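Examination of the molecular architecture
Take a look at the letters that make up each chain.
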Amino acid sequence: MISEVARKYVFDFDSTLTRVEALDVLAEMTLEGKANKDEVVAEIQRITNLGIDGDISFTESLEKRIQLLKANKSDLEALVAELRLKISKSIESNKEFFEKYADDIYVISCGFKEFIDPIVEAYNIPSDRVYANTFEFDEAGNIIGFDEANPLASHNGKIECLKRLDLDGEVQVIGDGYSDYVMREAGIADTFFAYTENVHREKAANNADYVAPSLDEFLFVNDLPRNISYPKNRIKILLLENVHSAAFKNLSEDGFSVELVTHSLPEEELIEKIKGVHVLGIRSKTQVTKKVLDAANKLMVVGAFCIGTTQIDLNYCKQKGVVVFNAPYSNTRSVVELAIGQIIMLMRSIFPRSTEIHQGQWQKTAVGSREVRGKNLGIVGYGNIGKQLSVLAEAVGMRVYYYDVNDKLALGNAVKCSTLEDLLNVSDVVTLHIDDNKANKNFIGEREINQMKNGAHLVNLSRGFVVDIDALAAALASGKLAGAAVDVYPEEPRANGDFITKLQGLPNVILTPHIGGSTEEAQRDIADFVPNKIMGYINSGDTVDAVNFPNIRLPKQSNSHRFLHIHKNVPGVMARINEVLATYKMNITGQYLSTDNEVGYVISDLDKEYNKDVIKALKKVDHTIKFRVLY
């Protein structure tokens, strides 16, 4: 943190207080409908960037842009209205800072007072603390130039302007361009923050004392009033296994620092990589073990961009206060559609006929080719996928039977079987949709296959270890089963490449590389669903749909600070928390608690003004696992 001294804060305007360069916006407006609009706007933007980076003199940049603009005084009112809609996101959310420190804030911009003054007035910055250029107009109101006597109209004019101000105390400059940095380089500013929320200019960032992806970072470094307790750019997110790019986009746009890795990492590499990471995103191959979690010194959330979570030590995550989310619904339709397609392909013996044609043989025959209409489909596991498959299978005329260890309500005309054996005895096709409980290993083995009808088909789109591959291969080779479709295997490679299974080469066997949920639509849905859960927890503390943690949906914070306390579920902790809050005379505006057998999760919303020592006291409460503050 920067030391506590009297400070003055000097802000740039374009691409700092606003998300845009105002003259670029003006060009877009005045050139609307002109045939050469795109070409002229692009040239204005090119000249703007050259001036900002110091590659041409600012005077030259300004002259060339005004010549290209062909704007009138009457256009400025519309420009101001447009700029009000384009305030930088983190500037807009931190008005309290501008109100509280108004006397110490200045704007030094090479833009123009005619559009800057009306914008910054809403942020309590008066015109006499705005230093910028002014337009010159002809009698018809056309913009024909600028006041060339103004130091800000000349090269490095910001240096001269700041010198004349002769500000007391530590001077901090916040801007996006090299033309802002030069005040620091000249020695008249003490600190330069390269502001990158809207545009990242390498030349400015490389010379900056601090890089500020948002105003929150600048306020955090200075320990100033801010809208959020901890800058999101300091929260590191690691996404492995080529998670859909939309996840990267969603999380990055919310302000987090996100790293995307295209493959899974073995335990040793992950142990090194996870240090300092707050959020880990994985798919099915990465193993989140006890050793990995012990090395994860800042981890708060694991997001599984898939359905299964056996690759994660859920219980140890809970003990460490790490919340785990998955995507239990997002790829349901994709899996169901593949199951329906494979059932039809198997019943019609499509793959053997296709292979014959590829080999140059014409074998037109109806032998072993049957309609699915009127046939019995046995669904093992009547969860989200099983139920949707039940509906679609009935729609194509199949009779549906299902078996589940839990009591599930039948959809449509589906018939519940009391035992697995009853289902196996009656089904022409058996399809597996059971969870990743380790107790389900070899759930379908030699005994269960022998209970199936002769000539039946087996489809496995659930977990590789639930089927005894040796027993399945033997049943297919002997003709006990007429066909099978397998998408998952007991052991799968970490990356694309060579793969061997005993099922290769057998007739009427459809083999796919774990792609049941791998459609563009499903991966996009997962890339929306899981990041939303992650952001809900990081930003507000919501744990709805967490797979290892007490679920709680929290109301939106309103002018309060939120204390999140995770602790072992033992008697007396809640009482001790409230005792601490009472000792420090905290006014609780809302309190929420959810527990399971092992952990408790209590959220307290409190008035914003309080003794900060209460935080230290709450962290010291016995049996505390994790504690954090949100505002």
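Structure shown above.
The model shown is predicted, which means the values in this text are computed figures rather than measured ones.

**Considerations on the packing of helix 1 (residues 22–30) against helix 4 (residues 75–84)**
Contact geometry of helix 1 with helix 4 gives a least axis separation of 10 Å together with a crossing angle of 120 degrees. Judged by the inter-axis angle, helix 1 sits oblique to helix 4. Between helix 1 and helix 4 lies a crossing of right-handed hand. Along the contact surface, helix 1 presents Ala22, Val25, Leu26, Met29 and Thr30, while helix 4 presents Asp75, Leu76, Ala78, Leu79, Glu82 and Leu83.

**Describing helix 12 (residues 245–253)**
Side chains that are three or four residues apart share a direction in an α-helix, a result of its 3.6 residues per turn. For helix 12, every residue scored as buried is listed here: Ala246, Ala247, Asn250 and Leu251. Seen along its axis, helix 12 keeps its buried residues to an arc of 125 degrees; they face one direction. Against strand 9 (236–239), strand 10 (257–260) and helix 22 (520–540) lie the buried residues of helix 12. Just past helix 12, the residue Gly255 takes up positive phi, approximately 105 degrees.

**Some words on the pattern of salt bridges**
Overall, the coordinates contain 36 salt bridges when judged by the stated rule. We note a salt bridge from Asp223 to Arg226, for which the minimum N-O separation is 3.9 Å. Taking relative accessible area as the criterion, Arg226 reaches 12% and is therefore assigned buried. Salt bridges here are not isolated pairs; linked through shared partners, they connect Asp12, Lys158 and Asp180.

**Quick word on a nonpolar patch on the surface**
Side chains of Met345, Ile350 and Phe351 sit close together on the surface and give an oily, nonpolar patch of about 230 Å² of accessible area. One can find Phe351 in helix 17 (residues 350–358). Residue Phe351 is classed as partly exposed on the basis of its relative accessible area of 37%.

**Quick word on helix 18 (residues 384–395)**
For helix 18, which comprises 12 residues, the first-to-last C-alpha distance of 17 Å matches the rise-based estimate of 16 Å (1.5 Å per residue) to within 8%. Those residues of helix 18 that are buried lie in contact with helix 16 (332–347), strand 14 (376–380), strand 15 (399–403) and strand 17 (429–432).

**Let's talk about the side chain of Thr30**
Relative to the assigned elements, Thr30 resides in helix 1. Judged by its relative accessible area of 14%, Thr30 falls in the buried class. For Thr30, the side chain forms a polar contact with the main-chain oxygen of Leu69, separated by 3.2 Å. Dropping the residues within four chain positions of it, Thr30 is found in contact with Leu69, Lys70, Ala71 and Asp75.

**Some thoughts on the environment of Ile119**
The residue Ile119 is located in helix 7 (residues 113–120) in this model. By relative accessible area, Ile119 is classed as buried at 4%. Residues Ile119 and Thr18 lie 101 residues apart in sequence; the distance between their C-alpha atoms is 9.2 Å. Not counting residues up to four positions away in its chain, the partners in contact with Ile119 are Phe13, Val80, Leu83, Arg84 and Ile87.

**A look at the pairing of strand 7 (residues 191–195)**
Along strand 7, five of the five residues are buried, which leaves the element largely enclosed by surrounding structure. For strand 6 (residues 170–175) and strand 7, the ladder comprises four bridges, and the chain directions are parallel. The residue of strand 7 that forms the bridge with Gln172 is Thr191. Note: strand 7 against strand 8 (residues 210–212), three bridges, orientation parallel. Within strand 8, the residue paired with Ala194 across the bridge is Val211. Taken together, strand 7, helix 10 (residues 202–207) and strand 8 constitute a β-α-β crossover, and its handedness is right-handed.

**Examining the packing of aromatic side chains**
For the coordinates displayed, the defined rule picks out 27 aromatic pairs. Between Phe115 and Phe135 the ring centres are 6.4 Å apart and the planes differ by 55 degrees, which places this aromatic pair in the tilted class. Taken as a pair, Phe115 in helix 7 and Phe135 in strand 4 (residues 135–137) lie far apart in primary sequence, 20 residues in all. Per residue, the accessibility class of Phe115 equals that of Phe135, and both read buried. Considering the side-chain rings of Tyr489 and Phe499, the 5.0 Å spacing of their centres and the 65 degrees angle between planes classify their relative orientation as edge-to-face.

Cut-offs used in this document
Residues numbered from 1 in each chain as written. Predicted model: local features only at pLDDT ≥ 70, side-chain atom pairs only at ≥ 80, totals over all residues. Heavy atoms only, no water. Axes fitted to C-alpha atoms, helices over the stretch in contact; angles between N-to-C directions. Helix = DSSP H or I, 4+ residues; strand = E, 2+ residues; numbered from the N terminus. Parallel < 35°, antiparallel > 145°, perpendicular 65-115°, else oblique. Left-handed = near helix turned anticlockwise from the far one by under 90°. Contact = heavy atoms within 4.5 Å. Buried < 20%, exposed > 50% of the residue type's maximum accessible area, 1.4 Å probe, protein only. Arc of directions from axis to C-beta. Salt bridge = Lys/Arg side-chain N within 4 Å of Asp/Glu carboxyl O. Patch = residues over 30% accessible without salt bridge, like charges linked within 9 Å, V, L, I, M, F, W, Y side chains within 5 Å. Areas by Shrake-Rupley, 256 points an atom, 1.4 Å probe, with all protein chains shown as cover. Expected span 1.5 Å × (residues − 1). Polar contact = N/O pair within 3.5 Å; in protein donor to acceptor, adjacent residues only side chain to side chain. Pairing = 2+ DSSP bridges. Right-handed = clockwise from strand over helix to strand, strands pointing away. Phe/Tyr/Trp six-rings, centres within 6.5 Å; stacked < 30°, edge-to-face > 60°.

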